[in-house]
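The chain contents come next:
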Amino acid sequence: MAKKENLEVVDILIEKQTAKKPGRPVFAEMLKRIEAGEAMGILAWHPDRLARNSIDGGQIIYLVDTGIIKELKFPTFWFENTPQGKFMLSIAFGQSKYYIDNLSENIKRGHRQKLRNGLWPQMAPLGYLNDTKTKQIYIDKEKAPLIKKAFELYATGKYTLKEIRKIINNLGLRGRKEKMLSVSNYQYLLQNPFYCGVMRYNGEYFEGNHEPIISKKLFDQVQEVMKQKSKTKTKELKPYIYRGLFRCGECDCFITTETQRGHNYLRCTKRKIPCSQKYVREEIIAEQIKNEIQKVSLPDDWADWMIKKLQMKEEQKAQSSRFFAQKIESEIRVIDEKLEKLMNAYLENALSLEEYREVKNKLVNQKQLLKDKLTAIEQKSDNRFELAINFINSIKQSQIVAFQENRERCRDFLKKIGSNFQILERKLFFDFKNPYKILVFAEPERNEGEAIPSQNSEIVKWRRGWDSNPWTAFEAVTV
């Protein structure tokens, strides 16, 4: 067109920012150069390339009115510097603004409809992938386990965001275009409810159809840790093995550890009242821990017999699990009815948008918690026997742990089987947790005439006393 009209092109300017909002730098530079007299007109494809907002369109018309812009040329639009031409130009600018506004509203309406259908309308968050064919979101099997690990580590309260970043980045988690994630990326990730099945969009919560990476309970734990976590750093303490584990059996103060002449000694801090307890060598307590761990060991023949008993109980518990599942499903249906009534109240202008969102967000979170419980019951029903097998195999390993020269592992196993650890008169005391208590103090109940596995003398010694129904307690813990 420049050749056909014999136009001298002073410069070619390309603007990459949207014309929906004012403030485009290239557009502003162009007008400034025209006002300086470098050019007398503009050649563009269509008026909507110049302006899609009222401010930029008004500037163009004003410069035409004042004679600074003498010509506007468009291959697809006719313009002459006359009252009629300027009127048609203003209409073209108005149509451009209407088009962009209407397009934005249509996109927002489409997004809202997708959200109501449980679909995420934007690019999938880290840990998920977009399926371009089905328009669905599915889990990224490589990155999802690392994201779950980040949530689990942070929920313990032992790690800062900076430490989480270092650990998970070293495990291989990368962002878009394989870039390293920053601390702020992890903060945003750990606050995103999308990973527990809830979509947050413009402050409103929606149920998602995508598969969650973590449970709602774990997500809430992370939010609580993030809320309460202090930014102050405590002085790093010497890594004693039993720090903070024991209390004094006389005054209930914490037992501390200190090093004297190359040996570690455990002693009462005596911060509350005068206490008569004396020092005890760390090696003595370590040996007592080994002896206690051996008490929960289980021979292979006993393990096989217990597994057989669990198989018999499995069928009896299946019906009970289904009852609880039906109860939760009923509660979910009640919440669905409330959500429907809430929507109708909002459409009838009985509620404001803020009131609607506040109540809806609470109901969506309640429903997600119920869904997690339902999933847990189903997994419990499916995996209960497997969990019991894992428990029995773990206590079969207690003999191995006890005979290893690894005090850290012995300490961790002790915390697993017991609680309320105390030291009194240089001796270790604690309460066995269920079902370990059952293994230590009772034998499984058996029917009259039923064969029981062979028992060596050591097993008989520490399995003294009969419980009326010890299997009930055992089942309650392993379910």
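## Comments concerning the packing of aromatic side chains
In total, this model carries 13 aromatic pairs according to the counting rule given. Ring geometry for Trp120 and Tyr201: centres 6.0 Å apart, planes at 85 degrees, overall edge-to-face. With Trp120 in the loop between α3 (83-116) and β3 (128-131) and Tyr201 in strand β5 (residues 198-201), the pair connects residues that are 81 residues apart, well separated along the chain. An identical accessibility class is assigned to Trp120 and Tyr201; each is buried.

## Some points on the environment of Thr18
Positionally, Thr18 belongs in the segment before α1 (25-35). By relative accessible area, Thr18 is classed as exposed at 52%. When the C-alpha positions of Thr18 and Arg52 are compared, they lie 8.5 Å apart, and in sequence the two are 34 residues distant.

## Things to note about the pattern of salt bridges
If you walk through the whole model with that rule in mind, you get 17 salt bridges. We note a salt bridge from Lys216 to Asp220, for which the minimum N-O separation is 2.8 Å. Residue Lys216 and its partner Asp220 are both found in helix α7 (residues 216-228); the two are separated by 4 residues, about one turn of the helix. Looking at Asp220, the relative accessible area reads 31%, which means it is partly exposed. Here Lys367 makes a salt bridge to Asp336, at a shortest N to O gap of 2.5 Å. Note that Lys367 is positioned in helix α10 (residues 353-396) and Asp336 in helix α9 (residues 300-347), a separation of 31 residues in sequence.

Calculation rules
- Residues numbered from 1 in each chain as written.
- Predicted model: local features only at pLDDT ≥ 70, side-chain atom pairs only at ≥ 80, totals over all residues.
- Heavy atoms only, no water.
- Phe/Tyr/Trp six-rings, centres within 6.5 Å; stacked < 30°, edge-to-face > 60°.
- Helix = DSSP H or I, 4+ residues; strand = E, 2+ residues; numbered from the N terminus.
- Buried < 20%, exposed > 50% of the residue type's maximum accessible area, 1.4 Å probe, protein only.
- Salt bridge = Lys/Arg side-chain N within 4 Å of Asp/Glu carboxyl O.

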